[in-house]
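# Topology and contacts: notes
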Amino acid sequence: MTEFPPALAEVAHHLREAQEIAVLTGAGISAESGVPTFRDAQTGIWAKYDPMQLATPEAFAADPKRVWEWYAWRRGLVAEAKPNPGHLALANLEGEVPALTLITQNVDRLHHRAGSKNVVELHGNLEEDRCSHENCVVRADPSDNRTPPHCPRCEALLRPNVVWFGEALSPAALERSFNAAGNCDLFLCIGTSSLVYPAADLPMEALNRGATVVEINADPTPLSPHATYCLQGKAGTLLPAISALAFPAITTNGSPA
Ligand code: BJW
């Protein structure tokens, strides 16, 4: 039988009582769907690749084919992946609580596929492409076999619609995220190393405004000493367990009873 941390019941109580919940997710929540995290030593994407050679505008300018192909490989991984009980628990939670904003750093759209509705994508998504010159989201001409394909409007190179290091996040997404963090009474920070900014500021914003901050992570992070509760373990196990304690009508695999 799985042993759960003793704080689980207290966190479930906060979940039941909360009027506004903000959730920030990172790559850890998709790990159990088979999508590699970024920084985990053995399995993280960057154990094999140097991010500065792949997830920056400079890398794309220097070798667009290499960067495009890396993203094509990741798009293939994500297409094969399915939402796991952690994604499903969050999607079900949205229907149980008065207000929930799900802020994700993930580009895999697994929260959408699990059924979450109020999702803010801080770092974009892998589904779309955008023009590297005009920055608008466009669809590649299916007959364009070049790598990367070119923008059908202006012939500039297309790139994935994600946010690379040194690039600005969408102001609208940032505003929604900081509003949600500043106004919530409960903030859940799940499966992120809390190393990348400005996302890593969000739980601190919630703490500074008096919210209860719960971290759910397989390992300690720089947020851990500040969080109200740290639940160490897998999101795909802990989230369904907390939801089931708070709202017994939800079964532990994240599906409604
Ligand atoms: C589990 C688990 C399980 C495993 N269950 N848990 C302030 C201070 C210092 C630096 C900066 C700062 N402000 C800005 C910066 C610079 C920079 C930055 O943050 N650098 C730091 C690395 C030092 N930030 C930026 O450049 C940002 N832009 C910006 O600030 O622009 C300013 C600007 C304004 C105006 C004009 C121009 C510029 C942009 C950041 C973009 C990040 N992009 C990436 C790539 C996205 C596309 C892609 O996917 O390829 O986003 S990088 C990568 O990191 C990706 C992720 O979303 C992000 C966060 O990673 P995440 O999700 O935390 O994953 P991991 O792997 O790090 O952690 C996984 C965790 O899960 C671990 O803790 C595991 O233990 C855990 N785990 N299995 C629960 N089953």
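Reference entry: report on the structure contained in this document. Here the structure is a predicted model, which is why all the values come from computation and not from measurement.

### A look at helix α8 (residues 171-183)
Across its 13 residues, α8 extends 18 Å between first and last C-alpha, which sits within 8% of the 18 Å expected from 1.5 Å per residue. All of the buried residues in α8 are Ala-173, Ser-177, Ala-180, Ala-181 and Gly-182. In the core, the buried residues of α8 are packed alongside β1 (21-25), β2 (100-104), β3 (119-121), β7 (186-190) and α9 (201-208).

### Examining the sheet that holds β7
Taken in spatial order, the six strands line up as β3-β2-β1-β7-β8-β9 in an open sheet, and their pairing is parallel. Each having just a single partner strand, β3 and β9 (229-232) make up the two edges of the open sheet. If you compare each strand with its neighbour and ignore which way they point, the axes differ by 15 degrees on average. Against the sheet, helix α6 (residues 85-94) touches β1, β2 and β7, its axis set at about 150 degrees to β2.

### Some details on the pattern of salt bridges
This structure, assessed with the given rule, holds nine salt bridges. A salt bridge links Asp-129 to Arg-75; the shortest N-O distance between them is 2.7 Å. Remark: Arg-75 occurs in helix α5 (residues 64-80) and Asp-129 occurs in strand β4 (residues 124-131); sequence separation between them is 54 residues. Across the pair Glu-167 and Arg-159 runs a salt bridge, and its minimum N-O distance is 2.7 Å.

### Topic: the pairing of strand β8 (residues 212-217)
Within a regular strand, side chains alternate between the sheet's two faces. Here β8 lies mainly inside the structure; six of its six residues are buried. As defined by bridge partners, β7 adjoins β8 across five bridges and the pair is classed as parallel. The residue of β8 that forms the bridge with Phe-187 is Val-213. When β8 meets β9, the two strands line up parallel, connected through four bridges. Its bridge partner lying in β9, Val-214 is registered against Tyr-229.

Definitions and limits used
- Starting afresh in each chain, residues are numbered from 1 along the sequence in its written order.
- For a predicted model such as this one, the threshold for reporting local features is a pLDDT of at least 70, and the threshold for listing and counting side-chain atom pairs is 80 or more; totals across whole chains, interfaces and linings nevertheless cover every residue.
- As a rule here, side-chain values come from all non-hydrogen atoms in the structure, and water together with hydrogens is ignored.
- By definition, any uninterrupted DSSP run of H or I lasting at least four residues is a helix, any uninterrupted run of E lasting at least two residues is a strand, and each is numbered from the N terminus.
- Each residue after the first adds 1.5 Å to the expected span of a helix.
- Only protein chains enter the accessibility calculation, which uses a 1.4 Å probe; a residue whose area is less than 20% of its type maximum is buried, one above 50% is exposed, and one in between is partly exposed.
- Should any heavy atoms of two residues lie within 4.5 Å, those residues are considered in contact.
- Between any two strands, pairing holds if DSSP finds at least two bridges.
- Axis lines are fitted to C-alpha atoms, over the contacting stretch for helices. Their N-to-C directions set the angle, which ranges from 0 to 180 degrees.
- When a carboxyl oxygen of Asp or Glu lies within 4 Å of a side-chain nitrogen of Lys or Arg, that pair is called a salt bridge.

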